[in-house]
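Below are the chains, spelled out letter by letter.
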Amino acid sequence: MASWVLSECGIRPLPRIHPKPKTGLNNFNAKLRLPKLDLGSSSFSFSSGVKDRNWALNVSAPARVQGIGEEEYKARGRITGVIGDDEGEFDPGAPPPFKLADIRAAIPKHCWVKDPWRSMSYVARDVVAVFGLAAVAAYFNNWLVWPLYWFAQGTMFWALFVLGHDCGHGSFSNNPRLNSVVGHILHSSILVPYHGWRISHRTHHQNHGHVENDESWHPLSEKTFKSLDSATKKLRFTLPFPLLAYPVYLWGRSPGKTGSHFDPSSDLFVPSERNDVITSTVCWAAMAALLVGLSFVMGPVQLLKLYGVPYWIFVMWLDLVTYLHHHGHDEKLPWYRGKEWNYMRGGLTTIDRDYGWINNIHHDIGTHVIHHLFPQIPHYHLIEATEAARPVLGKYYREPKKSRPLPFHLLGVLVRSMRKDHYVSDTGEVVYYQSDPQLSGSRKLN
């Protein structure tokens, strides 16, 4: 069984045409066999024993680009209404006066380079931290230490998820087999089905900012919102329940969508991805079985303290961060459908966030705008790439509020968003969140 699981951890090719929504990013052709690693270079080489294949990463932006000058930028802005004659007016829903190629051209070439040694060093750092924290907590085993451990270990579980997330995007390394093996190990250890999540997350990136086709934390249409019963509305928009949503999403997706990340026949996937989904589900089940076994060895209470509570802290981190990447800005941001949507405009609705001391721990995942536009850039180059792209982005880049050492201010942002960002209109190609006065606290905000 173990050899079968390993042999199937490669990423299957995606067909050229997909039903709506789009899902065609980062296609790889391979069954997994353990790679022969060339440790003397900045990239890994392998011998697969099969015919030569093209392992190049299919990217969203064109390889050759041509930038625009400042005068042309201003001219385009005035035509589209983005930049007024006094250069003080701004409509976030207007088409930008630049192209995706202009943003790409501004980013230094070295920001695209993936260093597998550096990526693996982050894995080693986080794994050592996870086992070290568990050892310290088990050694002291008192109620003064446990709460500190739960927060720290839950944060480290979240850091492991982010590294597995990079594997899913192919930004971890240029070797898809290495990405798949590391991604499975990291995500299975925190009960995430790697391929099931990878595929749905790819759909999210390829359709970000689209009302209907986006996959995660997309807005509800007015019709769907009004069809929900009162209990479901309360659960979705009343804390802490939205911060516990991720396991439910893995099993049943969001309101208005069907399928499961564990079911290969789900409409999340195409037939060629069946074995990938089965493989990840088997890995997930193996981890669940290991946890059951450990509960007999150390006792269920000890397992709950060492793993169970940190797991739920990780879930809260994931839901908080992913929600605030797409919600809660001071000014309302547009969502698109129909002809108004395109890849760049959707990506520009994402928001960067500052997490203080946590930035380094969770691998700068808060630097999110450039990540959404160019997910193949390694996380350790995102800050530099963002700084380089900001002159092109102009007002389409929203400067994140500076955080104190711990980002408690974001809890206030989350609460305010939950009170006012409820649904969007059923019609229109550029829409904004509206509020339901029936929900607690929203009357004062309308």
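Residues numbered from 1 in each chain as written. Predicted model: local features only at pLDDT ≥ 70, side-chain atom pairs only at ≥ 80, totals over all residues. Heavy atoms only, no water.

Taking an unreviewed UniProt entry as the reference, the chain is identified by name as Omega-3 fatty acid desaturase, chloroplastic-like belonging to Coffea arabica. Recorded under Pathway (unreviewed entry), the UniProt text for the chain is reproduced unchanged: "Lipid metabolism." Recorded in UniProt under Subcellular location (unreviewed entry), the annotation for the chain is "Membrane". (UniProt positions renumbered as here; feature names shortened; annotations may be inferred.)

Trainee: Help me out: how do you make sense of the overall build of the chain in this one?
Mentor: Regarding its fold elements, the chain presents 17 helices and two strands. Here the chain holds 446 residues, and the buried ones make up 53% of them. Sequence-distant contacts, at least 24 apart, represent 71% of the contacts inside the chain between residues at least 6 apart. (Helix = DSSP H or I, 4+ residues; strand = E, 2+ residues; numbered from the N terminus. Buried < 20%, exposed > 50% of the residue type's maximum accessible area, 1.4 Å probe, protein only. Contact = heavy atoms within 4.5 Å.)

Trainee: When you look at a nonpolar patch on the surface in this model, what are you seeing that I'm missing?
Mentor: Taken together, the side chains of Val136, Tyr139 and Phe140 make up a nonpolar region of the molecular surface, amounting to roughly 370 Å² of accessible area. Along the chain, tyrosine 139 turns up in helix α4 (residues 116–140). (Patch = residues over 30% accessible without salt bridge, like charges linked within 9 Å, V, L, I, M, F, W, Y side chains within 5 Å. Areas by Shrake-Rupley, 256 points an atom, 1.4 Å probe, with all protein chains shown as cover. Salt bridge = Lys/Arg side-chain N within 4 Å of Asp/Glu carboxyl O.)

Trainee: It is not clear to me how the layout of surface pockets should be interpreted in this structure. Could you clarify?
Mentor: Any empty space left between the atoms is revealed when a probe the size of a water molecule rolls over them. Its volume calculated, the largest pocket comes out at about 690 Å³. In terms of lining, the largest pocket is formed by 31 residues, of which the most central are Trp217, Ala245, Tyr246, Tyr249 and Asp319. Counting residues per element, the ones that place at least two in the lining of the largest pocket are α5 (146–169), α7 (194–206), α9 (230–237), α10 (246–252) and α12 (300–324). The element that contributes the greatest number of residues to the lining of the largest pocket is α7, accounting for four residues. Tallied by class, residues from the lining of the largest pocket come to 15 nonpolar, twelve polar and four charged. (1 Å grid on protein atoms, 1.4 Å probe; cavity = no way out; pocket = protein on both sides within 12 Å on 5 of 7 lines; lining within 4 Å. Points joined across faces, edges and corners; volume = space filled by probe spheres on them. Nonpolar A, V, L, I, M, F, W, Y, C, P; charged D, E, K, R; others polar.)

Trainee: Would you mind showing me how to read the confidence of the model for the chain here?
Mentor: Interpretation of this model should avoid reading the predicted coordinates in detail wherever pLDDT is low. Per-residue confidence for the chain averages 84 on the pLDDT scale, and 79% of its residues sit at or above 70. Confidence over residues 1–19 falls short of pLDDT 50; this stretch has 51 contacts with residues more than four positions distant or in other chains. Below a pLDDT of 50 lies the segment residues 73–86, which in the model reaches 34 contacts outside its immediate sequence neighbourhood of four places, other chains included. (pLDDT = per-residue confidence, 0-100.)

Trainee: Honestly, the UniProt feature "transmembrane region" (unreviewed entry) in the chain in this entry has me stumped. Any pointers?
Mentor: Within this structure's numbering, the places UniProt gives as "transmembrane region" (unreviewed entry) are residues 122–140, 277–298 and 304–324. Between the C-alpha atoms that bound residues 122–140 there is a distance of 27 Å. The span itself is 100% helix and 0% strand. The annotated region residues 277–298 carries 100% helix and 0% strand content, and the separation between its end C-alpha atoms amounts to 32 Å.

Trainee: I would appreciate a short explanation of the side chain of serine 188 in the present structure.
Mentor: As for its placement among the helices and strands, serine 188 is situated in helix α6 (residues 176–189). Setting aside residues up to four positions removed in sequence, serine 188 forms contacts with Gly183, Cys283, Trp284 and Met287.

Trainee: Whenever I open this one, the pattern of salt bridges confuses me. Can you help?
Mentor: Applying the stated criterion to the full structure yields ten salt bridges. In this structure, glutamate 222 engages lysine 226 in a salt bridge whose closest nitrogen and oxygen atoms are separated by 2.9 Å. Linking glutamate 222 with lysine 226, this pair stays in helix α8 (residues 222–227), spanning four residues, or about one helical turn. Residue lysine 226 is classed as exposed on the basis of its relative accessible area, which comes to 54%. When salt bridges with common partners are traced through the structure, they connect Glu215, Arg253 and Asp267 into a single cluster.

Trainee: Looking at this structure, I do not really get the nonpolar core. What am I missing?
Mentor: Inside soluble globular proteins, nonpolar side chains tend to come together where they are buried. In this structure, Trp158, Phe161, Tyr246, Tyr307 and Phe314 are the most contacted members of the largest nonpolar core, which totals 55 residues. Among the secondary structure elements, those contributing two or more residues to this core are α4, α5, α6, α7, α10, α11 (274–298), α12 and α17 (409–420). The element contributing the most residues to this core is α12, with eleven residues. Setting aside chain neighbours within four positions, we find tyrosine 246 in contact with Phe161, Val192, Trp197, Val315, Leu318 and Asp319. (Core = buried A, V, L, I, M, F, W, Y, C linked by side-chain atoms within 4.5 Å.)

Trainee: Looking at this structure, how should I read α7?
Mentor: Residues separated by three or four positions in an α-helix point in the same direction, a consequence of the helix having 3.6 residues per turn. Here α7 is 13 residues long and its end C-alpha atoms lie 18 Å apart, about the 18 Å a rise of 1.5 Å per residue gives. The buried count for α7 comes to 13 of 13 residues, which makes it a mostly enclosed element. (Expected span 1.5 Å × (residues − 1).)

Trainee: Help me understand the environment of threonine 349 in this model?
Mentor: With respect to the helices and strands, the residue threonine 349 is situated in the loop between α13 (343–347) and α14 (358–361). Distance in space between the C-alpha atoms of threonine 349 and leucine 333 is 6.3 Å, their sequence separation being 16 residues. In contact with threonine 349, not counting residues within four places along its chain, are Gly209, His325, Leu333, Pro334, Tyr336 and Arg398. For threonine 349, the side chain forms a polar contact with the main-chain oxygen of glycine 346, separated by 2.6 Å. (Polar contact = N/O pair within 3.5 Å; in protein donor to acceptor, adjacent residues only side chain to side chain.)

Trainee: Help me understand the packing of aromatic side chains, please; the structure alone is not making it clear to me.
Mentor: What characterises a pair of aromatic rings is the spacing of the ring centres plus the angle enclosed by the ring planes. What the rule picks out here adds up to 26 aromatic pairs. Ring geometry for phenylalanine 262 and tryptophan 284: centres 5.0 Å apart, planes at 70°, overall edge-to-face. Here the residue phenylalanine 262 occupies a position in the loop between α10 and α11, and tryptophan 284 occupies one in helix α11, the gap between them amounting to 22 residues. Plain terms: the ring middles of tryptophan 335 and tyrosine 433 are 6.3 Å apart, the flat faces sit at 80° to each other, and that makes the pair edge-to-face. With tryptophan 335 in strand β1 (residues 335–336) and tyrosine 433 in the segment after β2 (430–431), the pair connects residues that are 98 residues apart, well separated along the chain. Exposure class is identical for tryptophan 335 and tyrosine 433. Each is buried. Taken together, the ring pairs in this structure connect Phe157, Trp158, Phe161, Trp197, Tyr246, Tyr249, Tyr307, Tyr311, Trp312 and Phe314 into an aromatic cluster. Above the plane of the ring of tryptophan 112 lies arginine 104, whose end atom (NZ or CZ) is 4.1 Å from the centre. (Phe/Tyr/Trp six-rings, centres within 6.5 Å; stacked < 30°, edge-to-face > 60°. Lys NZ or Arg CZ within 6 Å of the ring centre and 35° of its normal.)

Trainee: Sorry, what's going on with the packing of α6 against α11 here?
Mentor: Relative placement of two packed helices is described by the angle separating their axes and the distance separating the axes. Interhelical geometry of α6 versus α11 gives an angle of 45° and a closest axis separation of 9 Å. Considering the angle they form, α6 stands oblique to α11. Both α6 and α11 take part in a crossing whose hand is right-handed. Across the interface between the two elements, His184, Ser188 and Ser189 from α6 touch Thr279, Ser280, Cys283, Trp284 and Met287 from α11. Across the contact of α6 with α11, the residue classes tally to three nonpolar, five polar and no charged. (Axes fitted to C-alpha atoms, helices over the stretch in contact; angles between N-to-C directions. Parallel < 35°, antiparallel > 145°, perpendicular 65-115°, else oblique. Left-handed = near helix turned anticlockwise from the far one by under 90°.)

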